[in-house]
Amino acid sequence: FFLELRTADARGLAAWKEGGARLFAADAKEGSTDFSVLRDVQNGGLVIGSEAHGVPKEIATLCEGRLKIPLAEGCESLNAAAAAAVLMFGWKAAAV
């Protein structure tokens, strides 16, 4: 599969959102939604923050939801690169 990858600051993400994109932040914290909701999103983007600090608040406020990856009991989290890979694959695999 093919995904377009972009980097953007808050202003760039806001412009993309104004153009109709739905933005979601990766967040392993309590209260986040299972990432399977992405299967219905056609025009969207995933925001991946740093492993230590997550997605900055300024950017998180632009996102319509926080998404988590269900993990096995005893597993605390994935690193940012692994989480991004799982989220992107899961999103695109669901669209097939």
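Residues numbered from 1 in each chain as written. Predicted model: local features only at pLDDT ≥ 70, side-chain atom pairs only at ≥ 80, totals over all residues. Heavy atoms only, no water.

Student: Looking at this structure, how should I read the overall build of the chain?
Tutor: Assigned secondary structure in the chain consists of 3 helices and 4 strands. Mapped in sequence order, the helices and strands of the chain form the string α-β-β-β-α-β-α. Taking 2.2 N^0.38 as the reference for a compact globule, 96 residues should give roughly 12 Å; the C-alpha atoms of the chain span a radius of gyration of 13 Å, in line with that estimate. Each principal axis of the C-alpha atoms in the chain carries an extent, and together these give about 40 × 35 × 20 Å. Taken across its 96 residues, the chain has 29% of its residues classed as buried. In the chain, the proportion of contacts linking residues at least 24 apart, taken out of those at least 6 apart, comes to 69%. Entry remark: accessible area of the chain is about 6600 Å², with carbon and sulfur atoms responsible for 53%. Separation between the mean location of the 10 positive side-chain charges and that of the 12 negative ones in the chain comes to 4 Å. (Helix = DSSP H or I, 4+ residues; strand = E, 2+ residues; numbered from the N terminus. Rg over C-alpha atoms; globule rule 2.2 N^0.38 Å. Buried < 20%, exposed > 50% of the residue type's maximum accessible area, 1.4 Å probe, protein only. Contact = heavy atoms within 4.5 Å. Areas by Shrake-Rupley, 256 points an atom, 1.4 Å probe, with all protein chains shown as cover. Lys, Arg positive; Asp, Glu negative; His and termini not counted. Charge placed at Lys NZ, Arg CZ, Asp CG, Glu CD.)

Student: Explanation requested: the pattern of salt bridges in the structure shown.
Tutor: In the structure shown here, the tally under the stated rule is 2 salt bridges. Arg22 is the partner of Glu64 in a salt bridge, and the nearest nitrogen-oxygen pair spans 2.7 Å. One end of the pair, Glu64, is in the loop between helix H2 (57-60) and strand S4 (65-68); the other, Arg22, is in strand S1 (residues 22-26), and 42 residues separate them in sequence. Between Asp27 and Arg66 there is a salt bridge, with its nearest N and O atoms 3.1 Å apart. In this pair, Asp27 is assigned in the loop between S1 and strand S2 (33-34) and Arg66 in strand S4, connecting sequence segments 39 residues apart. (Salt bridge = Lys/Arg side-chain N within 4 Å of Asp/Glu carboxyl O.)

Student: How do you make sense of a nonpolar patch on the surface when you look at a structure like this?
Tutor: On the surface, Leu71, Leu78 and Val86 cluster together into a nonpolar patch covering about 190 Å² of accessible area. By the secondary structure assignment, Val86 is in helix H3 (residues 80-95). (Patch = residues over 30% accessible without salt bridge, like charges linked within 9 Å, V, L, I, M, F, W, Y side chains within 5 Å.)

Student: Quick question: what am I supposed to make of the pairing of S1 here?
Tutor: Side-chain direction in a regular strand flips from residue to residue, so the side chains alternate between the two faces of the sheet. Sheet analysis places S1 next to strand S3 (residues 44-47), joined by 4 bridges and oriented parallel. Looking at S3, one finds that Ala25 is bridged to Val47. Pairing geometry for S1 and S4, over 3 bridges, is parallel. Note on S4: the bridge partner recorded for Phe24 is Gly65. (Pairing = 2+ DSSP bridges.)

Student: Whenever I open this one, the side chain of Asp27 confuses me. Can you help?
Tutor: Its relative accessible area of 16% is what places Asp27 among the buried residues. There is a polar contact of 3.1 Å between the side chain of Asp27 and the side chain of Arg66. Each residue touching Asp27, except ones within four places of it in the same chain, is listed here: Ser32, Arg66, Leu67 and Lys68. (Polar contact = N/O pair within 3.5 Å; in protein donor to acceptor, adjacent residues only side chain to side chain.)

Student: How should the sheet that holds S2 be read in this particular structure?
Tutor: As a general point, the strands of a sheet are linked pairwise by backbone hydrogen bonds and lie either parallel or antiparallel. With respect to topology, 4 strands assemble into an open sheet ordered S2-S4-S1-S3, the strand pairing being parallel. This sheet does not close on itself; its edge strands, each paired only once, are S2 and S3.

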